[in-house]
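The lines below spell out each chain.
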Amino acid sequence: MAVPSPQLLQIETSIHGRVLYDDRAGPTSGVVMAFHGYGQSADDMLADVQRVPAIERWRLVVPQALHRFYTRDQQRIVASWMTREDRDLGIQDNLEYVARVIDRIGGGASPLVCLGFSQGASMAYRAAVLGRHPVSGVIALGGDIPPEVRAATVADGRSWPEVLIGAGERDTWFNPRLDGELTFLMSRGISHQVVRYDGAHEWTPAFAAAAGQWLDTLLARTSI
């Protein structure tokens, strides 16, 4: 006798996100929203971003992914943005989370840059292209453009923001994807730069310096 398959119910609920916010630059300053990688925390990401030269000119907002778990030694709490399971719903949840964070800090009227590392780089692209708020730039370190972003028209008819890509020379995960990233960006006429640095799948001082220069240039262009 065949056992009937169970029904799958998708239940919408609310969940509280943890966000680190450094507003010392002042309420009229531009915003860098930084997305951490898989198995990291908002604290990890904030420490990395704070090493970017002249980052004190920007407000920093670092949302922690909504799905938390313990490291194997049970000593630290880290997080993940999503898995393959119910992926489309996870994307919707994350985009709503990002939009609410921007609304909360009043960042919609300021130059906004989305920065991400690894899994967080895909989140940076999603927030920039699919999100509710206009974004001036994307900094993507060791992470790729997800398929739903490649297939999408930018929300509300906005143009793609300019992009800075960071790729470590010894990054065996991201480097095989890099040519595809550049082919896509060139095919769309999207302004982009690539920084190749001596390192693996990681932040390095060389990349932090390059990101700082790129942010300075963008800020000079977007400031009134």
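These remarks concern the structure in this document. (Residues numbered from 1 in each chain as written. Predicted model: local features only at pLDDT ≥ 70, side-chain atom pairs only at ≥ 80, totals over all residues. Heavy atoms only, no water.)

What about the nonpolar core?
Taken as a class, soluble globular proteins show a tendency for nonpolar side chains to be buried jointly.
Line of reasoning, step 1. Core analysis: the largest hydrophobic core is formed by 38 residues, its most contacted members being Met33, Phe35, Tyr125, Trp160, Val163, Ile165 and Leu185.
Line of reasoning, step 2. Mapped onto this core, the elements with two or more residues apiece are β2 (31-35), α2 (87-105), β6 (112-117), α3 (119-130), β7 (137-141), β8 (162-168) and α5 (175-187).
Line of reasoning, step 3. With 7 residues, the single largest contributor to this core is α3.
Line of reasoning, step 4. The residues contacting Leu185, other than those within four sequence positions of it, are Ile145, Trp160, Val163, Ile165, Ile190 and His192.
Line of reasoning, step 5. Among the nonpolar cores identified, the runner-up in size contains 29 residues, and Ala34, Leu164, Phe207 and Ala211 belong to it. (Core = buried A, V, L, I, M, F, W, Y, C linked by side-chain atoms within 4.5 Å. Buried < 20%, exposed > 50% of the residue type's maximum accessible area, 1.4 Å probe, protein only. Helix = DSSP H or I, 4+ residues; strand = E, 2+ residues; numbered from the N terminus. Contact = heavy atoms within 4.5 Å.)

Some details on the layout of surface pockets
Line of reasoning, step 1. Taken as a whole, the largest pocket spans an internal volume of roughly 1,000 Å³.
Line of reasoning, step 2. Around the largest pocket sit 28 residues that line it, and Thr13, Ser14, Ile15, Leu66 and Asp93 are the ones nearest its centre.
Line of reasoning, step 3. Elements with a minimum of two residues in the lining of the largest pocket: β1 (19-22) and α2.
Line of reasoning, step 4. With 10 residues, the single largest contributor to the lining of the largest pocket is α2.
Line of reasoning, step 5. Approximately 300 Å³ is the volume attributed to the second largest pocket.
Line of reasoning, step 6. As for the second largest pocket, its lining consists of 16 residues, of which Arg87, Gln119, Ser122, Arg126 and Asp144 are closest to the centre.
Line of reasoning, step 7. No other element matches α3, which puts 3 residues into the lining of the second largest pocket.
Line of reasoning, step 8. Its residues assigned to classes, the lining of the second largest pocket shows 7 nonpolar, 4 polar and 5 charged. (1 Å grid on protein atoms, 1.4 Å probe; cavity = no way out; pocket = protein on both sides within 12 Å on 5 of 7 lines; lining within 4 Å. Points joined across faces, edges and corners; volume = space filled by probe spheres on them. Nonpolar A, V, L, I, M, F, W, Y, C, P; charged D, E, K, R; others polar.)

Notes on helix α1 (residues 42-49)
Line of reasoning, step 1. Three or more residues of α1 are buried, namely Ala42, Met45, Leu46, Asp48 and Val49. Buried residues of α1, seen end-on, are gathered within an arc of 160° and therefore sit on one face of the element.
Line of reasoning, step 2. The secondary structure elements touched by the buried residues of α1 are β1, β2, β3 (59-63) and β6. (Arc of directions from axis to C-beta.)

Regarding α3
Line of reasoning, step 1. Here α3 is 12 residues long and its end C-alpha atoms lie 16 Å apart, about the 16 Å a rise of 1.5 Å per residue gives.
Line of reasoning, step 2. With 10 of 12 residues buried, α3 lies mostly within the body of the structure.
Line of reasoning, step 3. Every buried residue belonging to α3 is among Gly120, Ala121, Ser122, Met123, Ala124, Tyr125, Arg126, Ala127, Ala128 and Val129, and all of these are buried. (Expected span 1.5 Å × (residues − 1).)

Some points on the packing of aromatic side chains
Line of reasoning, step 1. Here the structure, examined in full by the defined rule, presents 7 aromatic pairs.
Line of reasoning, step 2. Where Phe35 meets Trp81, the ring centres are 5.5 Å apart and the plane angle is 65°; that geometry is what we call edge-to-face. Of this pair, Phe35 sits in strand β2 while Trp81 sits in the loop between β5 (77-80) and α2, and the two are 46 residues apart along the sequence.
Line of reasoning, step 3. A residue is classified by how much of its surface remains accessible, and Phe35, at 0% relative accessible area, is buried. (Phe/Tyr/Trp six-rings, centres within 6.5 Å; stacked < 30°, edge-to-face > 60°.)

Re the sheet that holds β3
Line of reasoning, step 1. Across the sheet, which stays open at both edges, the 7 strands sit in the order β1-β3-β2-β6-β7-β8-β9 with mixed pairing between neighbours. The open sheet has two free edges, formed respectively by β1 and β9 (192-197), since each of these has just one partner strand. Each strand axis lies, on average, 15° off the axis of its neighbour in the sheet, ignoring direction.
Line of reasoning, step 2. Against the sheet, α1 contacts β1, β2, β3 and β6, and its axis sits at roughly 150° relative to β3.
Line of reasoning, step 3. This element, α2, spans β1, β2, β3 and β6 of the sheet and lies at about 150° to β2. (Pairing = 2+ DSSP bridges. Axes fitted to C-alpha atoms, helices over the stretch in contact; angles between N-to-C directions.)

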